[in-house]
2 protein chains.
Amino acid sequence: MDGTGWRPIKRTRTFEDVLAQIERRIAEDGLTVGDRLPAERQLAEQLGVSRSSVREAMRVLETLGVVSSQVGRGPDAGAVLTSRPDSALSDLLRLHLGLASLEMREVIDTRHMIEQWAAAGAAAARADTSALAAALAGMDAAGSAEEFVEHDTAFHCALADASGNRLVAAIMRSLRDSMRRYSVEAVQRLGDTSILRSDHVRILEAVGAGDPDEAARAVSEHLAHAYPSLFTA
Amino acid sequence: MDGTGWRPIKRTRTFEDVLAQIERRIAEDGLTVGDRLPAERQLAEQLGVSRSSVREAMRVLETLGVVSSQVGRGPDAGAVLTSRPDSALSDLLRLHLGLASLEMREVIDTRHMIEQWAAAGAAAARADTSALAAALAGMDAAGSAEEFVEHDTAFHCALADASGNRLVAAIMRSLRDSMRRYSVEAVQRLGDTSILRSDHVRILEAVGAGDPDEAARAVSEHLAHAYPSLFTA
DNA sequence: GATTGGGTATGGTCTGACCATACTGTGGTC
DNA sequence: GACCACAGTATGGTCAGACCATACCCAATC
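Residues numbered from 1 in each chain as written. Chains lettered and ligands numbered in written order. Predicted model: local features only at pLDDT ≥ 70, side-chain atom pairs only at ≥ 80, totals over all residues. Heavy atoms only, no water.

J.: What is the right way to look at the protein's contact with DNA strand C in this model?
T.: As a matter of local geometry, DNA strand C sits amid 27 residues, with Arg51(A), Arg13(B), Thr14(B), Ser53(B) and Arg73(B) nearest to it. In the model, a base oxygen of DNA strand C is placed 3.2 Å from a nitrogen or oxygen of the Arg73(A) side chain. Breaking the surface near DNA strand C down by element, the ones donating at least two residues are helix H2 (40-47), helix H3 (51-63) and strand E2 (78-81) of chain A together with helix H1 (14-28) and helix H3 (51-63) of chain B. Residue composition of the surface near DNA strand C, grouped by class: 7 nonpolar, 9 polar and 11 charged. (Near = heavy atom within 4 Å. Polar contact = N/O pair within 3.5 Å; in protein donor to acceptor, adjacent residues only side chain to side chain. Helix = DSSP H or I, 4+ residues; strand = E, 2+ residues; numbered from the N terminus. Nonpolar A, V, L, I, M, F, W, Y, C, P; charged D, E, K, R; others polar.)

Written out as structure tokens, the structure reads:
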């Protein structure tokens, strides 16, 4: 069967080829968020592959948060380039936490690093604190641990947003997302949440006052209060 | 997932169902790295879906770096649970940089945050510096900008590894990976790399001496030397 | 003008087939 | 008994073709 002629050795799977082609097209054609990719059938014909392979490539791109597929017809249908790294990062962290290839302590230490950095940066830039204040108000109105954690998460994500670095903010959101359940348990274990609230007030005031060092300290002590068992200085 | 019974409208795609089932199985059966998932055909039959849907789920898991598929037969064949978040993170960053939904400045600022933290942590823990020294030696022997960057990357990744936090180390590797091309250009622009080398020596010595503050300062100044145009204090 | 209904392009799913790969077991050979 | 060649088989990878649900588009109708 072989030996009768040159048969190209297949080193990459077809869908990986498709991925490379799409990525090349994005780079060369300068495609950006909001632009549409060709339809699956069309792409399959253009690249000379089956629709299955195109679909597997689409699944990868969707997993990475760069495309979003919509059924139906019209300008909004089809595969549209997006920019949603958050859910991709969340899925990644959640699954690896589930596989025990990451430990909660590592996640919380990473949070510590990011939040200190973000708080100091936000304070130095004298960032707008209205989103922080809104989240704080939500925490006061929360009736359950779940609700409390929801608004607590909003506060910390707003802090990361205030750093002005979208990558850091995306990582922060993913970290919070992947540890949501753990946070709820931590709040329930803690019982009294008043100290967490006053910590938040202190962080907000430090950012508002433009005091990076105090903001970083406040964040650090806040995490120590929230996760006394796992926190490492 | 809510158990409200039959729902006339299908809210989740089949492959997402498969994903949830696999994730549940991982959690409930306590599967861990090295364990094998059922074969695609078998999984399809068990879950009552087509093999296509199972394959799309597999592609997602592979993209997220939690499974690795091997063809053939035997104990190593099939879908094996792994833990490779690095390539997943790299792909994610690379694609989003290509889409211009992230800017290089944000990546470098994130690196700054991580490296300061890692250097200080490694110094505080008086981590082993042999990997750092090895990378340093590699930089001296490098004949091209590409080679230099390769060993430079190894140095910085070793620093992140020395922090003892696998999540931070994985993020670091991905950051370096996604900005490899940019780093090569930066080195070529710089011309003289001796200052980068002496920066590394300074970092290594600070870590070896167990001086966290000096280590953080050394890292900070090093990044300022390497990326003078993009660095923000 | 507003409404209605068919046409159609899209992604989502399924079926069944075939290929390349790589182990497994069997049988023969030395 | 040790070794080797070869058929068997389970695996992922790919393809082709079909059908469905969705949601827009547009022409016919009221």
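J.: Please explain the interface of chain A and chain B as it appears in this structure.
T.: Interfaces are frequently sized by the accessible area removed from exposure as the parts join. The interface of chain A with chain B comprises 49 residues on the first partner and 48 residues on the second. With both sides pooled, the region where chain A packs onto chain B buries about 4300 Å², and carbon together with sulfur makes up 66% of that total. Considering only the side of chain A, the residues that lose the most area to chain B are Leu99(A), Met113(A) and Leu167(A), jointly responsible for 16% of the buried surface there. A salt bridge links Glu23(A) to Arg94(B), with the shortest nitrogen-to-oxygen separation between them at 2.3 Å. For the interface between chain A and chain B, the tally reads 22 residue pairs in polar contact (both at pLDDT 80 or more). Secondary-structure elements contributing two or more residues to the side of chain A that touches chain B are helix H1 (14-28), H3, helix H4 (85-98), helix H5 (104-124) and helix H8 (166-178) of chain A. Among the elements that make up the side of chain A that touches chain B, the one with the highest residue count is H4(A) (10 residues). Across the side of chain A that touches chain B, the residue classes tally to 25 nonpolar, 11 polar and 13 charged. (Contact = heavy atoms within 4.5 Å. Buried area = accessible area lost by both parts, 1.4 Å probe. Salt bridge = Lys/Arg side-chain N within 4 Å of Asp/Glu carboxyl O.)

J.: It is not clear to me how the relation of the copies chain A and chain B should be interpreted in this structure. Could you clarify?
T.: Superposing the two chain copies requires a rotation about an axis and a translation along that axis. For the match of chain A to chain B, the screw axis carries a shift of 0.1 Å, the RMSD comes to 0.1 Å, and the turn is 180 degrees. Viewed as a symmetry operation, the transformation between the two copies matches a two-fold axis. (Least-squares fit on C-alpha atoms with pLDDT ≥ 70 in both.)

J.: I keep staring at the layout of surface pockets and nothing clicks. Help me out?
T.: Unfilled space is identified by rolling a water-sized probe across the atoms. Put simply, the largest pocket is a space of about 1200 Å³. Lining the largest pocket are 40 residues; nearest its centre among them are Ser90(A), Asp91(A), Arg94(A), Leu95(A) and Glu23(B). When residues of the lining of the largest pocket are traced back to their parent elements, those giving at least two are H3, strand E1 (67-70), H4, H8 and helix H9 (180-190) of chain A together with H1 and H3 of chain B. The residue makeup of the lining of the largest pocket, split by class, is 18 nonpolar, 9 polar and 13 charged. Along the wall of the second largest pocket there are 40 residues; nearest its centre are Met113(A), Gln116(A), Met113(B), Gln116(B) and Trp117(B). Of all elements in the fold, only H5 and helix H11 (212-226) of chain A together with helix H5 (104-124) and helix H11 (212-226) of chain B reach the threshold of two or more residues within the lining of the second largest pocket. With 11 residues, H5(A) is the largest single contributor of residues to the lining of the second largest pocket. Residues that form the lining of the second largest pocket fall into these classes: 21 nonpolar, 12 polar and 7 charged. (1 Å grid on protein atoms, 1.4 Å probe; cavity = no way out; pocket = protein on both sides within 12 Å on 5 of 7 lines; lining within 4 Å. Points joined across faces, edges and corners; volume = space filled by probe spheres on them.)

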